[in-house]
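Listed here are the chains, written in short residue letters.
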Amino acid sequence: MADGIMKKLPEEVPSYILSRLTVKSLMRYRCISKIWYTLLQSSYFINLHIKRPITTKDQFILFKRSLQEEEGEFKNLLSFLCGGDDSDDLIPISPNIEVPYLCSSYASLSHSVMGPCNGLIVLTDTESIVLLNPATRKYNLLQPSPFGCPQGFNYYVCGLGFGFDLMVNNYKVVRISEIYSDTYKDPCVRGFKVEIYDLDIDSWREQNYEEEELPSVFWVPCSEIFYKGIVHWFATADTMVILCFDMSTDTFRNMKMPDTCYVLDGKCYGLVIFYECLTLICYRDPTCEIDPTVDMMDIWTMKDYGVNDTWIKLYTIRPLPIESPLTVWKDLLLLQSRTGQLISYNFISDEVKEFNLHGYPSSLRVVVYKESLTSVPKENGQGTQAQGI
């Protein structure tokens with residue numbers, strides 16, 4: 001009967017109606033018939049579902065934290081949350097899952113969670129990289145890079161990014177490593193290595209750049225933002241800059257920060273997307289004692305993306321005793337406290353709220369996503385569906 005209705009209607013009508021449904025419903029409807037299965041698996045329908053109009057009720061939160069089990073050993077958990085109907089409460093929508101493949105040592109505190117990009121999210125400890133669709137719970141461990149270091153040199157990964165190349169419809173991961181010689185030698189030789197992973201061919205490649213093209217990237221919990229086809233990191237050249245990598249052209253460029261935000265004189269920075277604009281958060285270094293008379297938190301937004309002179313200070317708010325910002329959800333700035341608690345600051349009411357969500361201090365990560373049917377590309381035998389705990 002369902003097939004008969006679909007055949008009688010113009011082709012785009014059932015697709016449009018179905019695109020408004022949740023992923024859970026759509027995965028169930030795939031079992032109705034071969035026609036439904038083919039439609040709901042098609043790239044046409046998946047893209048239509050991604051581009052559907054959404055409200056804040058269609059936004060979900062992926063919350064990652066680490067819990068210490070014994071000295072030096074951690075359990076890394078993912079929670080899937082949604083907002084309450086009439087409040088800013090966070091409600092679990094499914095059981096927690098353990099983060100697969102990533103390290104469980106003190107390095108857990110520097111895990112990165114990047115995305116979303118068409119509903120996909122990357123979790124990484126810089127060496128292992130896991131691609132996850134939080135709506136379907138499907139995930140896959142990407143194959144490791146085959147490229148090593150020249151003999152006598154060491155390296156550390158200082159920047160990772162995940163995004164989509166619109167030119168060729170391909171997901172990419174970019175990894176920036178700093179190469180250095182034995183620190184006991186004089187002089188200590190330094191350079192950079194850039195590796196790019198193309199998901200459509202399931203392969204890494206090295207990209208060569210002149211050393212002067214790349215400033216020194218440094219990691220903070222709230223950065224590595226993908227926006228308008230570009231990945232963004234914080235970096236230091238002569239001053240603080242935002243390093244940008246174009247996923248379509250594989251090229252780097254530097255973006256200036258606001259005039260009062262280009263040095264590390266007791267300041268820390270975060271990047272988020274707020275009101276659909278690239279937004280910079282400037283706050284007091286948590287290792288410094290806060291002076292409430294001068295140490296305010298500034299929120300800057302770039303009105304015209306890529307135009308350096310269009311940074312506008314959107315808010316100046318009272319200093320908060322936090323470890324770092326995490327993301328923006330609705331009118332809330334989500335942050336992690338110094339004790340490892342998820343808290344929020346309401347831009348409208350100026351209120352701070354504490355959630356009953358905790359982790360080891362500095363291990364909290366948050367991504368706001370909308371559900372999608374996007375498949376996890378190129379499963380290499382290590383992909384599976386996450387099980388709740």
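Residues numbered from 1 in each chain as written. Predicted model: local features only at pLDDT ≥ 70, side-chain atom pairs only at ≥ 80, totals over all residues. Heavy atoms only, no water.

Colleague: What exactly am I supposed to notice about the overall build of the chain here?
Modeller: Broken down by element type, the chain carries five helices and 27 strands. In summary, the chain has a C-alpha radius of gyration of 22 Å against a globular reference of 21 Å for 389 residues, a match within 12%. Expressed along its principal axes, the backbone C-alpha trace of the chain runs to roughly 75 × 55 × 50 Å. Scored against the burial criterion, the 389 residues of the chain give a buried share of 50%. Put simply, the chain shows about 18,800 Å² of open surface, and 51% of that area lies on carbon and sulfur atoms. Across the chain, 35 positive and 49 negative side-chain charges occur, with their mean positions spaced 9 Å apart. (Helix = DSSP H or I, 4+ residues; strand = E, 2+ residues; numbered from the N terminus. Rg over C-alpha atoms; globule rule 2.2 N^0.38 Å. Buried < 20%, exposed > 50% of the residue type's maximum accessible area, 1.4 Å probe, protein only. Areas by Shrake-Rupley, 256 points an atom, 1.4 Å probe, with all protein chains shown as cover. Lys, Arg positive; Asp, Glu negative; His and termini not counted. Charge placed at Lys NZ, Arg CZ, Asp CG, Glu CD.)

Colleague: Please explain helix α5 (residues 43–50) as it appears in this structure.
Modeller: Note on helix geometry: an α-helix contains 3.6 residues per turn, so any two residues three or four positions apart are oriented the same way. Buried within α5 are the following residues: Phe45, Ile46, His49 and Ile50. One side of α5 holds all its buried residues, which, seen down the axis, span an arc of 140 degrees. Among the structural elements, α2 (12–18), α3 (23–29), α4 (34–41) and β26 (365–370) are those in contact with the buried residues of α5. (Arc of directions from axis to C-beta. Contact = heavy atoms within 4.5 Å.)

Colleague: Teacher, can you tell me more about the sheet that holds strand β19 (residues 277–284) here?
Modeller: Each strand in a sheet pairs with its neighbour through backbone hydrogen bonds, running either in the same direction (parallel) or in the opposite one (antiparallel). Spatially, the four strands line up as an open sheet ordered β18-β19-β20-β21, and their pairing is antiparallel. Each end of this open sheet is capped by a strand with a single partner; those strands are β18 (267–274) and β21 (311–317). Pairwise comparison of adjacent strand axes, ignoring direction, gives a mean angle of 25 degrees for this sheet. Sheet topology note: the β19/strand β20 (residues 297–302) ladder contains four bridges and is antiparallel. Bridging across to β20, Cys282 finds its partner in Asp298. (Pairing = 2+ DSSP bridges. Axes fitted to C-alpha atoms, helices over the stretch in contact; angles between N-to-C directions.)

Colleague: Would you mind showing me how to read the pairing of strand β5 (residues 112–117) here?
Modeller: Regular strands show a simple pattern: their side chains alternate between the two faces of the sheet. With four bridges joining them, β5 and strand β6 (residues 120–124) adopt antiparallel strand pairing. Across the sheet, residue Met114 finds its bridge partner in β6, namely Val122.

Colleague: What am I meant to see in the packing of aromatic side chains here?
Modeller: Geometry of an aromatic ring pair is reported as the spacing of the ring centres plus the angle between the planes. In total, this model carries 19 aromatic pairs according to the counting rule given. An angle of 70 degrees between the planes, with centres 6.2 Å apart, marks the rings of Tyr101 and Tyr139 as edge-to-face. Of the two residues, Tyr101 sits in the loop between β4 (97–98) and β5 while Tyr139 sits in strand β8 (residues 138–141), which places them 38 residues apart along the sequence. Looking at Tyr139, the relative accessible area reads 12%, which means it is buried. Aromatic rings pair up to connect Phe274, Tyr275, Tyr315, Tyr345 and Phe347 into one cluster. Taking NZ or CZ as reference, Arg137 lies 3.7 Å from the ring centre of Phe80, over its face. (Phe/Tyr/Trp six-rings, centres within 6.5 Å; stacked < 30°, edge-to-face > 60°. Lys NZ or Arg CZ within 6 Å of the ring centre and 35° of its normal.)

Colleague: Would you mind showing me how to read the side chain of Ser112 here?
Modeller: You can see Ser112 is positioned in strand β5. Here Glu224 takes part through its side chain, which lies 3.2 Å from a polar atom of the side chain of Ser112. (Polar contact = N/O pair within 3.5 Å; in protein donor to acceptor, adjacent residues only side chain to side chain.)

Colleague: Help me out: how do you make sense of the packing of α4 against α5 in this one?
Modeller: When two helices pack together, their arrangement is captured by the angle between the axes and the distance separating the axes. Across the interface, α4 lies against α5 with an axial gap of 5 Å and an inter-helix angle of 60 degrees. Classified by the angle between their axes, α4 and α5 sit oblique to one another. Two secondary-structure elements touch here, α4 through Leu39, Leu40 and Gln41 and α5 through Ser43, Phe45 and Ile46. Of the residues that constitute the contact of α4 with α5, the class distribution is four nonpolar, two polar and no charged. (Parallel < 35°, antiparallel > 145°, perpendicular 65-115°, else oblique. Nonpolar A, V, L, I, M, F, W, Y, C, P; charged D, E, K, R; others polar.)

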